[in-house]
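Analysis of the macromolecular model
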Amino acid sequence: MTTIIPLPAQIQLDERQFCLNPGAKIIVSNDSAEVFWVGSSLAAKLRPATGFALPVQIGTQPAAGDIFLAFGADDPSLGEEGYELFSTPEAVTLRAAGAAGLFYATQTLRQMFPAEIENPLEQPNLAWTVQCGHIRDIPRYAWRGMMLDLGRHFFSVETAKRLVDLLAYHKVNVLHLHLSDDQGWRIMIESWPWLALHGGSTATNGDPGGFYTQDDYRELVAYAAQRYITIVPEIDLPGHTNAALASYEELNENGVSPNLYTGIKVGFSSLSVHKEITYQFVDDVVREIAALTPGAYFHIGGDETLSTSEEDYVYFIERVQKIVARHGKCMIGWEEIGKTKLNSDAIVQHWWNKEVTARAAAQGAKIIASPAAKAYMDIKYHEHTTIGQNWTGAYTEVREAYDWEPVEILEGVAEESILGVESALWTETIFTRGNLDFMVFPRLCGYAEIGWSPREGRDWESYRQRLDEHGKRLANLGVQFYRSEQVDWQ
Ligand code: ACM
């Protein structure tokens, strides 16, 4: 039985084994820097535990004992992200038409070795075997995301990069950064520097704040891109804006700035929809962030605007939509933007209200499924979980996080309109890297499988058993995951 997560679309394994030995090489078929990097990154993952040299070389075929990365467009049906893996006692061959697919093949191969392969320390006297067989694997959904809320608590570039590595390991391809909220503004905007300097100076509970400089953000975007992860920046508008309102008095209706906010209420703040300075502000922010972001998307938030009238909301979103388009990005918003007239390329992120989401889909918007009751990782696993919340009215154990289906959740949305799945970590109660690990893992593994694996192959019992072994991999990677009683964790 395989233990790979997410489960590959097609997999046939037999009883034979390939064994990685000290003289093995990693051969790449193509001398492009990108493909060579994929080979090098695999070598870098396999070297610490094995202690082998694993030189990376360009070549046309593997010698006995090698791992061969065959890159080329000879099978376009694999798409950009699909791959094949052939494992025989002589060699392992990874084959893909796109570099992302080749990278995903290497993630699968990592998961075919014993779990100790992820140990950062050399593990002598272990046989580094891989079961023989054939895998052909293509993702179900184009969008396989996770959102990290940096507004309520700030996380360093190092912590975000570590998260990127863990997302890539599970073939997740979007990291959505919630960069602003009532409690904090987390990216330097050079034309409005007090947003970060003042608005970023604190966090929920009065905890330390912080923000990304533009160089920090560029570094994170590039690190993610190299791992085939698109960064989607979100500036939440027109509500969730207390940090901005506190930083610039002219953005306030009455010209007076509120204090910084460190509580956890929502819905009390709003930009001044009828002041022209507001649109200058939005234009500057979108322009600066768009220029730093190679990805196609800009997320404008648009949720929980309880202090903005419906009429003002529609006026505001439709103006902001034009600003986002002018800066060359495709607009994403939370489902509430379905109440406005959307451009044909708009993307809507469902979190709560199925009826508003269906209205967006009826306008032609593509939908990302992030149902709070299933995909929100701020929700406690059970009543005794010490961090987290339960505002959804229920708990989200590992099974509840896995055992749902986007097509069934999104009533009134045609299957073709579903772009994919995104889980979300809201961080009101999440402050340390250990908190983050505990709330994200292992739930993230389940969301990754919902996004990647064919619907018909998904099954809780199979997943539960694979997760048991996968837990050893996570532990070797240093992830302080939640050891749910629903899983054996032998
Ligand atoms: C949200 O949870 N307010 C998007």
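Refer to the structure presented above.
First things first, this report covers the structure right here in the doc.

Cut-offs and rules
- Each chain carries its own residue numbering, running from 1 in the direction its sequence is written.
- Since the coordinates come from a predicted model, pLDDT governs what is reported: local features require at least 70, and pairs of side-chain atoms require 80 or more to be given and counted, while whole-chain, interface and lining totals use all residues.
- The side-chain quantities take in all heavy atoms of the structure and omit both hydrogens and water.
- Here a cavity means grid points, on a 1 Å grid over the protein atoms only, where a 1.4 Å probe fits yet cannot get out; a pocket means an open set of points with protein on both sides within 12 Å along at least five of seven lines; lining residues are those with an atom within 4 Å of a point.
- Grid points are joined across faces, edges and corners, and a volume is the space filled by probe spheres set on the points.
- Numbering of helices and strands starts at the N terminus; helices are DSSP runs of H or I of at least 4 residues and strands are runs of E of at least 2.
- Residues are grouped as follows: nonpolar covers Ala, Val, Leu, Ile, Met, Phe, Trp, Tyr, Cys and Pro; charged covers Asp, Glu, Lys and Arg; every other residue, Gly included, is treated as polar.
- One requirement defines pairing of two strands: DSSP has to find at least two bridges between them.
- Every angle, taken between N-to-C directions, lies between 0 and 180 degrees, and every axis is a line fitted to C-alpha atoms, over only the stretch in contact when it is a helix.
- Working definition of a nonpolar core: buried Ala, Val, Leu, Ile, Met, Phe, Trp, Tyr and Cys residues. They are joined through side-chain atoms within 4.5 Å.
- Relative accessibility under 20% of the residue-type maximum defines a buried residue, over 50% an exposed one, and the middle range a partly exposed one, all with a 1.4 Å probe and only protein chains included.
- Whether two residues touch is decided by their heavy atoms; if any such pair falls within 4.5 Å, the residues are in contact.
- Crossing handedness is read from the near helix: turned anticlockwise from the far helix by less than a right angle, it gives a left-handed crossing, and turned clockwise, a right-handed one.
- Any carboxyl oxygen of Asp or Glu within 4 Å of a side-chain nitrogen of Lys or Arg constitutes a salt bridge here.
- The handedness rule is simple: strands pointing away from the viewer, and a clockwise path from the first strand over the helix to the second, make the crossover right-handed.
- We call Phe, Tyr and Trp rings a pair once their centres come within 6.5 Å, taking the six-membered ring for Trp, and we label the pair stacked below 30 degrees between planes, edge-to-face above 60, and tilted otherwise.
- Remark: a charge is flagged as sitting over a ring if the NZ atom of Lys or the CZ atom of Arg is within 6 Å of the ring centre and within 35 degrees of the ring normal.

One number sums up the size of the largest pocket: a volume of about 420 Å³. Taken together, 23 residues line the largest pocket, and the ones lying closest to its centre are Lys45, Arg110, Glu118, Asp165 and Leu477. Listing elements by their share of the lining of the largest pocket, those giving two or more residues are helix 1 (33-50), helix 2 (99-110) and helix 3 (157-169). Take the lining of the largest pocket: its biggest share by element is six residues, from helix 1. For the lining of the largest pocket, the residue count by class is 13 nonpolar, four polar and six charged.

On to the sheet that holds strand 4 (residues 67-71). One open sheet holds the seven strands; their spatial order is 1-7-5-6-4-2-3, and the pairing between them is mixed. A single partner strand is all that each edge strand has here, and the edge strands are strand 1 (10-20) and strand 3 (56-58). Direction aside, the axes of adjacent strands within the sheet are offset by 25° on average. Examined bridge by bridge, strand 4 and strand 6 (residues 92-96) share five bridges and lie parallel to one another. Note on strand 6: the bridge partner recorded for isoleucine 67 is valine 92.

With that settled, the discussion passes to the nonpolar core. Counting residues in each nonpolar core, the largest one holds 137 residues, and the members touching the most others are Leu20, Trp185, Tyr217 and Phe281. Sequence-distant contacts of tyrosine 217, defined by excluding residues within four places in its chain, comprise Leu177, Leu179, Ile187, Tyr212, Ile231, Pro233, Ile289, Leu292 and Thr293.

Omega for the peptide link from isoleucine 5 to proline 6 comes to 0°, which places this bond in the cis form. As for its placement among the helices and strands, proline 6 is situated in the segment before strand 1. Going from phenylalanine 441 to proline 442, the amide bond is cis rather than trans, its omega being 10°. Assignment of secondary structure puts proline 442 in the loop between helix 13 (433-440) and helix 14 (443-452). A positive phi angle is found at lysine 171, which is not glycine, with a value near 65°. One can find lysine 171 in the loop between helix 3 and strand 9 (174-178).

A word on the packing of helix 7 (residues 276-292) against helix 8 (residues 310-326). Relative to each other, helix 7 and helix 8 sit at 35°, their axes nearing to 10 Å. The interaxial crossing formed by helix 7 with helix 8 has right-handed handedness. Two secondary-structure elements touch here, helix 7 through Glu276, Thr278, Tyr279, Val282, Asp283 and Val286 and helix 8 through Tyr315, Phe316, Arg319, Val320, Ile323, Val324 and Arg326. Here the residues of the contact of helix 7 with helix 8 sort into eight nonpolar, one polar and four charged.

A full pass over the atoms with the stated rule returns 30 salt bridges. The partner of lysine 354 in a salt bridge is glutamate 411, and the shortest N-O contact between them spans 3.4 Å. Placement of the pair is lysine 354 in helix 9 (residues 354-362) and glutamate 411 in the loop between helix 12 (406-409) and strand 17 (418-425), with a sequence separation of 57 residues. In this structure, the salt-bridge partner of glutamate 405 is arginine 458, at a minimum N-O distance of 3.4 Å. You can see glutamate 405 sitting in the loop between helix 11 (398-402) and helix 12 and its partner arginine 458 sitting in the loop between helix 14 and helix 15 (460-476), a full 53 residues away along the chain. Residue classification places glutamate 405 among the buried residues on the basis of a relative accessible area of 6%. Three or more residues are tied together by salt bridges with common partners; here these are Arg140, Glu405, Glu408, Glu415, Arg455 and Arg458.

The strand order around the closed barrel formed by eight strands is 8-9-12-13-14-15-16-17, and the pairing between neighbours is parallel. Put simply, the sheet's adjacent strands are angled 30° from each other on average, direction ignored. Alignment of strand 8 (residues 143-149) against strand 17, held across six bridges, turns out to be parallel. Note that in strand 17 the partner of leucine 148 across the bridge is leucine 425. Packing against the sheet, helix 7 makes contact with strand 12 (230-237) and strand 13 (297-301), and its axis sits at approximately 170° to strand 12.

As for its placement among the helices and strands, proline 294 is situated in the loop between helix 7 and strand 13. What makes proline 294 exposed here is its relative accessible area of 66%. The spatial distance from the C-alpha of proline 294 to the C-alpha of leucine 46 is 30 Å, given a sequence separation of 248 residues.

This brings us to empty space enclosed by the protein. For the coordinates displayed, the defined rule picks out one cavity of 30 Å³ or more. Roughly 40 Å³ of internal volume is contained in the largest cavity. Lining the largest cavity are Arg144, Gly145, Val172, Val421, Leu444, Tyr447, Ala448 and Gly451. For the lining of the largest cavity, the secondary-structure elements that each account for two or more residues are strand 8 and helix 14.

We now examine the pairing of strand 16 (residues 366-369). Note: strand 15 (residues 347-350) against strand 16, four bridges, orientation parallel. Bridge pairing links isoleucine 347 to lysine 366 in strand 16. Regarding the hand of the β-α-β motif, the stretch spanning strand 15, helix 9 and strand 16 is right-handed. Pairing between strand 16 and strand 17: three bridges, direction parallel. Counterpart to isoleucine 368 in the pairing with strand 17 is glycine 420.

For the structure on display, the rule yields 26 aromatic pairs. Between tyrosine 402 and tryptophan 460, the aromatic rings sit 6.3 Å apart at their centres with planes inclined by 50°, giving tilted as the arrangement. On the criterion of sequence distance, the pair formed by tyrosine 402 in helix 11 and tryptophan 460 in helix 15 is long-range, its members being 58 residues apart. Pair check on accessibility: tyrosine 402 and tryptophan 460 agree, each one buried. Feature note: the residues Trp334, Trp351, Trp352, Tyr376, Trp391 and Trp426 constitute an aromatic cluster, connected by ring pairs. Here the guanidinium or amino end of lysine 171 rests over the ring plane of tryptophan 452, the centre of that ring lying 5.6 Å away.

Nothing here speaks to function; it is geometry throughout.
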